[in-house]
Amino acid sequence: MEAVQFIDLNAATVFLLVLIGFVAGMVSGFIGSGGAFVLTPAMMSLGAPAIVAVASNICHKFPKALVGTVKRHKYGQVDIKLGLVIGVFAELGVLYGKHVMTGIKHDFGAVGTDLYVSVIFIVVLAVVGGFVLRDYRRLRNMDHEAEPETPKLAKWVHSVNIPGTMVYFPSAKASISLLFIIPAGFATGFLASAIAVGGFIGVPAMIYLLGVPAIMATATELLIAFIMGLGGTIFYGLEGVVDVRLSMLILLGSLFGIQLGAIGSTYIKDYQVKQVMATIMLTVLFSRFFYMPGYLSDLHLIAPMDRGSIGTLKTLGDSVLAVALILGAVSVLTALTRGIAEHRKAGLAATYPETAEAIPSSVNLDPTGRFERIMLATDGSEYSSGAIRVAAEMARRNHAKLLIVSVAVFNPEYSTSVPGLEAAAEEMARRNAQGAMEQAAGLDPELVVMKAEDPYMGIVEAAEEYRADIIVMGRRGKRNLARAMVGDATARVIGRASCNVLVVPRGAGNCRTGILVATDGSRFSDAAAVTAGKLAVANNLPLSVVSVVLPSHNQQRRQEAQIAVQRVRKGLEKEHLPISAAVVEGGRADEVIVAQARKSGADMIVMGSHGRTGLDRVLLGSVAERVIGRSEIPVLAVKAA
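What counts and how
Residues numbered from 1 in each chain as written. Predicted model: local features only at pLDDT ≥ 70, side-chain atom pairs only at ≥ 80, totals over all residues. Heavy atoms only, no water. Helix = DSSP H or I, 4+ residues; strand = E, 2+ residues; numbered from the N terminus. Contact = heavy atoms within 4.5 Å. Areas by Shrake-Rupley, 256 points an atom, 1.4 Å probe, with all protein chains shown as cover. Buried < 20%, exposed > 50% of the residue type's maximum accessible area, 1.4 Å probe, protein only. Axes fitted to C-alpha atoms, helices over the stretch in contact; angles between N-to-C directions. Parallel < 35°, antiparallel > 145°, perpendicular 65-115°, else oblique. Left-handed = near helix turned anticlockwise from the far one by under 90°. Nonpolar A, V, L, I, M, F, W, Y, C, P; charged D, E, K, R; others polar. Core = buried A, V, L, I, M, F, W, Y, C linked by side-chain atoms within 4.5 Å. Pairing = 2+ DSSP bridges. Salt bridge = Lys/Arg side-chain N within 4 Å of Asp/Glu carboxyl O. Polar contact = N/O pair within 3.5 Å; in protein donor to acceptor, adjacent residues only side chain to side chain. pLDDT = per-residue confidence, 0-100. Phe/Tyr/Trp six-rings, centres within 6.5 Å; stacked < 30°, edge-to-face > 60°.

Draft legend 1. A look at the overall build of the protein chain. Across its full length, the protein chain holds 22 helices and 12 strands. Looking at the protein chain alone, contacts between residues at least 24 apart form 79% of all its contacts between residues at least 6 apart. As displayed, the protein chain offers around 28,500 Å² of accessible surface, 60% of which is attributable to carbon and sulfur atoms.

Pasting the structure below:
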């Protein structure tokens with residue numbers, strides 16, 4: 001068998017691979033098709049044999065699929081049983097497809113696999129691109145998406161009962177024979193082994209054959225993709241055809257590009273996204289045709305061609321592929337640029353209204369103590385019950401505008417190719433917010449539905465867009481890990497939001513007996529003290545100030561703690577509040593703060609938040625985060641200006 005030739009990496013090739021990954025990531029985030037159909041031909045154009053391009057593409061995809069599976073599973077969108085069952089048979093398809101690929105390489109060499117992969121690409125992209133183009137024309141004429149219906153084929157599959165083969169799947173809400181699942185899984189894996197994009201079969205099969213809701217189908221596909229990707233990487237790796245260098249370089253670029261693509265997709269209509277998707281797919285398909293004569297000539301399937309003619313055709317193919325990548329990049333960047341301009345224009349109009357009626361009668365110019373726009377973030381679960389009560393009461397007391405935000409969480413991987421996916425996610429988000437809207441009906445709340453891949457992203461974006469003064473949200477999770485105690489979404493919102501965040505345990509009530517503010521003398525603590533003072537004045541409540549020292553602290557640190565609490569007391573004297581101040585020695589600061597709140601009778605804790613994100617936050621932890629996880633009363637994390 002012909003030895004595998006990996007491409008040489010120099011500065012130019014490395015740059016091109018990262019750039020291709022970046023553009024493919026933008027395409028992926030923008031049109032929701034994964035970008036793999038762009039990456040495999042691009043790597044082949046750079047000189048990678050088809051088998052290496054496919055294997056390396058599979059290798060780069062499965063870590064992202066794992067991350068996506070974990071995220072979607074948190075929101076109940078992954079059918080683990082269905083994913084594992086299809087994944088097992090898909091793995092068989094990958095194994096068989098790898099056997100076919102390596103067999104072709106053994107018999108016909110690298111050029112044989114180039115022809116094999118190109119033919120499959122042409123057929124698949126022609127079919128999928130044609131359907132997407134048809135959807136574009138339909139949606140352009142309708143100017144909206146049709147309501148999704150349960151496919152007739154799926155209803156028939158649910159009605160078939162073959163003893164000994166029936167398995168119940170929660171996502172389909174039906175028992176389905178394995179005789180329908182086996183071929184769907186096998187075909188998905190086989191296609192993945194050939195072009196690294198098995199979802200072109202897997203997702204439609206789950207929706208139209210098995211009757212799985214679009215949201216759950218696209219999320220479950222991530223689990224299947226992880227299983228296929230891991231197995232495919234091992235299978236192809238044993239053949240020595242996985243170029244990890246290529247995988248890491250395109251992964252590096254795609255991680256950045258996908259963020260821009262996802263942002264750009266929010267500014268245009270769905271039919272426009274499908275237009276771009278169809279255009280790129282059909283352009284990539286067209287580029288493959290220029291390589292075919294050279295492959296056929298090298299295999300002696302047509303009359304021999306001179307190398308000059310083959311080189312010219314390859315140049316034309318590379319040029320058409322470059323056009324496809326440029327089209328993708330320009331489409332994303334144009335949508336992003338226009339969207340930002342429109343967003344700024346809308347923001348200016350909202351900031352400088354034409355009528356004086358928009359100006360409130362009383363204006364508070366201190367951002368740390370302003371509660372004019374309160375944003376309640378809810379997911380409709382029991383964990384949001386306390387936040388709903390507190391946010392409604394806070395809006396009532398402060399005569400504030402109450403915004404209720406619910407995030408439509410969906411996987412953008414297939415958002416444009418699966419009919420009704422975004423509509424279903426938005427409908428679920430509205431249902432999740434229904435209880436909060438009913439409880440706050442007398443306050444004339446405004447419902448905000450944000451579309452995002454992760455809840456925290458939607459919440460933070462909504463707070464920025466609607467200029468919220470404070471975010472009120474619940475807390476979920478177990479008590480065994482600090483992050484789990486707070487809940488990943490809550491922790492990330494605290495870390496990234498520019499406004500204050502009030503975290504309310506589900507059993508907590510409104511602030512009626514007292515407020516405790518913790519200080520370490522930093523500017524973050526000063527901001528917390530100012531906010532706590534304003535809350536205490538507005539609600540006519542006593543204020544307790546506490547600073548924590550450890551037994552190991554020296555005299556200088558203890559003196560600094562004394563200065564910190566007295567500084568807060570003196571700073572709030574003008575508010576004429578009943579204030580108590582104490583320096584408390586103990587073990588962990590979070591344990592001491594929670595105990596002091598209980599001892600003083602406070603029913604709210606106010607703390608400064610450094611808003612750390614990234615590795616330093618993971619390593620150093622956050623006292624505010626641990627207090628939130630441990631406390632049974634609301635905790636307000638205040639951001640310094």
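Draft legend 2. Broad picture of the side chain of S406. Position of S406 relative to the elements: it lies in strand 4 (residues 401-409). The class of S406 is buried, set by a relative accessible area of 1%.

Draft legend 3. Broad picture of helix 7 (residues 199-209). For helix 7, the complete set of buried residues consists of G199, F200, G202, V203, A205, M206 and I207. Just past helix 7, the residue G211 takes up positive phi, approximately 75 degrees.

Draft legend 4. Structural context of the packing of helix 7 against helix 8 (residues 214-238). As a packed pair, helix 7 and helix 8 sit with axes 9 Å apart at the nearest point and diverge in direction by 140 degrees. Compared by their axis directions, helix 7 and helix 8 come out oblique. Judged by the twist between their axes, the crossing of helix 7 over helix 8 is right-handed. The segment helix 7 lies against helix 8, with G199, G202, V203, M206 and I207 engaging A214, A217, T218, T220, E221 and I224. Split into classes, the residues belonging to the contact of helix 7 with helix 8 amount to 6 nonpolar, 4 polar and 1 charged.

Draft legend 5. Structural view of the nonpolar core. F37, V117, L125, I195, F200 and Y236 are the most contacted members of the largest nonpolar core, which totals 63 residues. For this core, the element with the highest residue contribution is helix 4 (residues 80-142), accounting for 13 residues. In this view, I195 contacts T40, V54, V117, I120, F121 and V124; residues no more than four positions away in its chain are not counted. Listed in part, the 43 residues of the second largest apolar core include C511, V568, M604 and L636.

Draft legend 6. Region of the structure containing the sheet that holds strand 9 (residues 543-549). Taken together, the 10 strands give an open sheet; going across it, the order is 5-4-3-6-7-12-11-8-9-10, and neighbouring strands pair in mixed fashion. The sheet terminates laterally at strand 5 (446-452) and strand 10 (579-585), the two strands that pair on one side only. When strand polarity is set aside, the average angle formed by the axes of neighbouring strands in this sheet is 25 degrees. Across the sheet, helix 14 (residues 421-439) lies against strand 3 (373-377), strand 4 and strand 5, angled at about 145 degrees from strand 4, the strand it touches most.

Draft legend 7. Seen up close, the environment of D469. Positionally, D469 belongs in the loop between helix 15 (455-465) and strand 6 (470-474). In this structure the C-alpha to C-alpha distance between D469 and M375, which are 94 residues apart in sequence, comes to 7.7 Å. Residues within four places of D469 in sequence aside, it is in contact with R370, F371, E372, R373, C499 and N500.

Draft legend 8. Layout of the pattern of salt bridges. All chains considered together, the criterion is met by 18 salt bridges. For D318, the salt bridge is made with K314, and the minimal N-O distance between the two is 2.9 Å. Of this pair, D318 and K314 both sit in helix 12 (residues 307-351), separated by 4 residues, roughly a single helical turn. With relative accessibility at 25%, the residue D318 sits in the partly exposed group. Overall, K314 belongs to the partly exposed group, its relative accessible area being 35%. Two residues, R630 and E591, come together in a salt bridge whose shortest N-O distance is 3.9 Å. Here the residue R630 occupies a position in helix 22 (residues 623-630), and E591 occupies one in helix 20 (residues 589-600), the gap between them amounting to 39 residues. Classification of R630 as partly exposed rests on a relative accessible area of 30%. Each of the salt bridges in this network shares a partner with another, and the network as a whole consists of R588, D590, E591, R626 and R630.

Draft legend 9. Representation of the side chain of S247. Secondary-structure assignment places S247 in helix 9 (residues 244-265). With a relative accessible area of 0%, S247 lands in the buried category. Of note is the side chain of S247, whose polar atom sits 2.8 Å from the backbone oxygen of S56. Filtering out sequence-adjacent residues up to four positions away, S247 remains in contact with S56, C59 and H60.

Draft legend 10. Molecular detail of the confidence of the model for the protein chain. Across the protein chain, the average pLDDT comes to 81, with 83% of residues at 70 or higher. Within the protein chain, the lowest mean pLDDT, 33, falls on helix 21 (residues 615-620), and the highest, 93, falls on helix 6 (residues 178-195). Counting contacts from residues 143-147, a segment whose pLDDT is below 50, to residues more than four positions away or on other chains yields 8 contacts. Long-range and interchain partners of residues 350-365, a stretch whose pLDDT sits below 50, account for 8 contacts in this model, where long-range means more than four residues apart.

Draft legend 11. View of the packing of aromatic side chains. In this structure the tally under the stated criterion is 6 aromatic pairs. Measuring from ring centre to ring centre gives 6.0 Å for Y96 and F190, while their planes differ by 35 degrees; the resulting arrangement is tilted. One end of the pair, Y96, is in helix 4; the other, F190, is in helix 6, and 94 residues separate them in sequence. For Y96, a relative accessible area of 44% translates into the label partly exposed. According to the relative accessible area criterion, F190 is partly exposed, its value standing at 24%. Arranged with centres 5.7 Å apart and planes meeting at 80 degrees, the rings of W156 and F180 form a pair that is edge-to-face. You can see W156 sitting in helix 5 (residues 152-159) and its partner F180 sitting in helix 6, a full 24 residues away along the chain. F180 sits in the buried class, given a relative accessible area of 16%.

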